[in-house]
Amino acid sequence: MKSLRMHAIAAAAVLLTLPALAQVSDYHDIKTTPLHQIQQPQPKRVQLANGMVIFLMEDHELPLIGGGARIRGGGRDVPADKSGLAGLLGSAWRTGGTESNQLALLLAREAHHGAHGGVRLVHGANAHHSLHRAAWLLGLPDPVVVPAPAGTMDPAALDEALTKLCGPLIVAATAGTTDAGLIDPLPEIADLCATHGARLHIDAAYGGGLLFSDRHRHKLDGLQRADTITLDLHKLGWQPVAAGLLAVKNPDDLAVLQHHADYLNADDDTEAGLPDLLGRSLRTTRRPDILKIAVTLKTLGREGLGALVDQVCARAAEFADLIATHPGFELYDRPTISTVLFRPTEATDDAVAAVRRTLLHQGRAVLGRATLDGRRWLKATLPTPTPGPTTWPPS
Ligand SMILES: Cc1ncc(COP(=O)(O)O)c(C=O)c1O
C-alpha cells in the first residue's frame, strides 16, 4: 500500500514538472537546470498570444507583436517595427491560413455582434477559397466578390461595391495570391476601408514572409493598416505545418474568446498569478506548436529568415528568366514573390494538365496548376533557397 502511494506521488511529481518543462522560457535551460529549480516564468505580454508564445518568447518576442517589441536571434537584434507590423498588438496561434482566416471572420462577426444581418464579407475574385467557406461556416451573409481582372482586386470595383452595400462590412485583401503570388493594392484598399468604415483583413498567408526581408518588405506597404492579418510560416517561414498565426490590431477583439474551464484556468489560480491561456485561442492543447517558430527565430533571427526570402525570390526571378528566353515555354509574368507561372508554347489546356500529371507520376517534378486570364498554367512555387540555376535540371 505504502509503495503504491510512493509510486502515485512519484508519478504526480513527474506530471507536475511537465508543465514547467513546457513553459520554460529558454530551451537551453532544459539541459542545464534541474527541473525542480525551474522558475515559473511570469508572462510579459499576456494579451499578445494564445499561450506558449508568451513563455517561449519571454526574451525573444515574435516580429508580429509590435509595439516596441524586438526580434532577437542569431546574435542580431532588430526593432520590430521594421517588420511593418508595429501597430498590431495581438497574435493568436493557428493551424494554418485557413483557420486564421476563419478566426479573423469570427472576430469581425463578434465585433459587430447584434448588427442587423451580421457583418458581410467582401473579397476579391482572387481570394483564397477558405474565406468564402469561413463565411458559410460562421453563418454570415453570402460574400460579395469583387473582380480581380489582372489577378489583383480592382480598387474601383471595390469602391463601387462598398458604396452600394450597407451594414457592417469586412474587406479581405490578399498579399500573395495562391495562384500567382500577386499582392492586392493594399494602401488603396486600406484607404477605401477607412472611407467606407469597413473592417480590413489581409490574408498574407503566403506573402507575409516578405516582412523578414529588407529588400522585399516594401511590397507589403499598407499591411500595417489591417485589423487582422493571416500569416502562415509553413510557406515563407520554412516551418513544418502547422504554423499559422493571426495578428490582431486591437487586443480587445480577442476578449470574445475568453473561456473558463476549471481544470485549466480556475479563478483562484488566475488570481494567484498563474497564466490564463485559454482565452487566446479556440484550441486547447496545441501550445507547444509554437516551439519550432521560437527555435527558428532564435537561430536565424529576422535577418536570417530575410536572407532565405531574398534567395527564393531571386531563384524565382532566375527561373522566370530561363522560361522567358526558352522558345519552348511561355511565361505568364515576372514573379512578385516566388511563384512562376508558365506553359509549353502552343500547348492546349488539356496538354498542360497532362504534362503536370506526367511529371508527378514520373517523380520528376511537383508542379501546381492555375487558371488565369482564361488559360491553364503550370505553377512552380520555389520554396527552397539552396538550389541555384546550375542545378536545374537535376542530373
Ligand atoms: C493566400 C492563402 N490563404 C490561405 C491559405 C490556406 O493555408 P493553409 O493551407 O495553411 O490552411 C493558402 C494556402 O495555400 C493561401 O495561399
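No experiment lies behind these values; they were computed from the predicted model shown. (Residues numbered from 1 in each chain as written. Predicted model: local features only at pLDDT ≥ 70, side-chain atom pairs only at ≥ 80, totals over all residues.)

Visitor: Sorry, what's going on with the nonpolar core here?
Guide: Grouped together as the largest cluster of nonpolar side chains are 75 residues, with contacts concentrated most on Ile170, Val171, Ala173, Leu186, Ile189, Leu200 and Ile202. The leading source of residues in this core is helix H10 (residues 291-325), at 11 residues. With sequence-adjacent residues up to four places away left out, alanine 173 is seen in contact with Gly124, Met153, Asp184, Leu186, Ile189, Leu200 and Ile202. (Core = buried A, V, L, I, M, F, W, Y, C linked by C-beta atoms within 7 Å. Buried ≥ 20, exposed ≤ 12 C-beta atoms within 10 Å, placed from the backbone. Helix = DSSP H or I, 4+ residues; strand = E, 2+ residues; numbered from the N terminus. Contact = placed C-beta atoms within 7 Å.)

Visitor: Can you walk me through unusual backbone geometry in this structure?
Guide: Leave glycine aside and you will find that most residues have negative phi; peptide bonds, for their part, are mostly trans. Cis geometry marks the peptide bond from valine 241 to alanine 242, where omega comes out at 0°. Relative to the assigned elements, alanine 242 resides in the loop between strand S8 (228-232) and strand S9 (244-248). Although it is not a glycine, aspartate 373 adopts a positive phi angle of roughly 50°.

Visitor: Can you help me understand the packing of helix H6 (residues 155-164) against helix H7 (residues 186-196) in this one?
Guide: Packed helix pairs are characterised by how far apart their axes lie and by the angle those axes make with each other. Here H6 crosses H7 at 15°, and the two axes come no closer than 10 Å. The angle between H6 and H7 places the two elements in the roughly parallel class. As H6 runs across H7, the sense of the crossing is right-handed. Contact residues: H6 offers Pro155, Leu158, Asp159 and Leu162, while H7 offers Glu188, Ile189, Leu192 and His196. (Axes fitted to C-alpha atoms, helices over the stretch in contact; angles between N-to-C directions. Parallel < 35°, antiparallel > 145°, perpendicular 65-115°, else oblique. Left-handed = near helix turned anticlockwise from the far one by under 90°.)

Visitor: Looking at this structure, I do not really get the pairing of strand S7 (residues 199-204). What am I missing?
Guide: Each regular strand carries side chains that alternate between the two faces of the sheet. In terms of burial, S7 is a largely internal element, six of the six residues being buried. As judged from the five bridges shared by strand S6 (residues 169-174) and S7, these two strands associate in the parallel manner. Bridge pairing links alanine 172 to histidine 201 in S7. Note on the crossover from S6 through H7 to S7: the handedness is right-handed. (Pairing = 2+ DSSP bridges. Right-handed = clockwise from strand over helix to strand, strands pointing away.)

Visitor: Quick question: what am I supposed to make of the environment of valine 119 here?
Guide: Looking at the secondary structure, you find valine 119 in the loop between helix H4 (97-111) and strand S4 (120-124). Remark: the alpha-carbon pair of valine 119 and alanine 108, spanning 11 residues in sequence, is separated by 7.0 Å. Non-local contacts of valine 119, meaning those with residues more than four positions away in its chain, are made with Ala108, Arg109, His112, Leu140, Pro168, Leu169 and Ile170.

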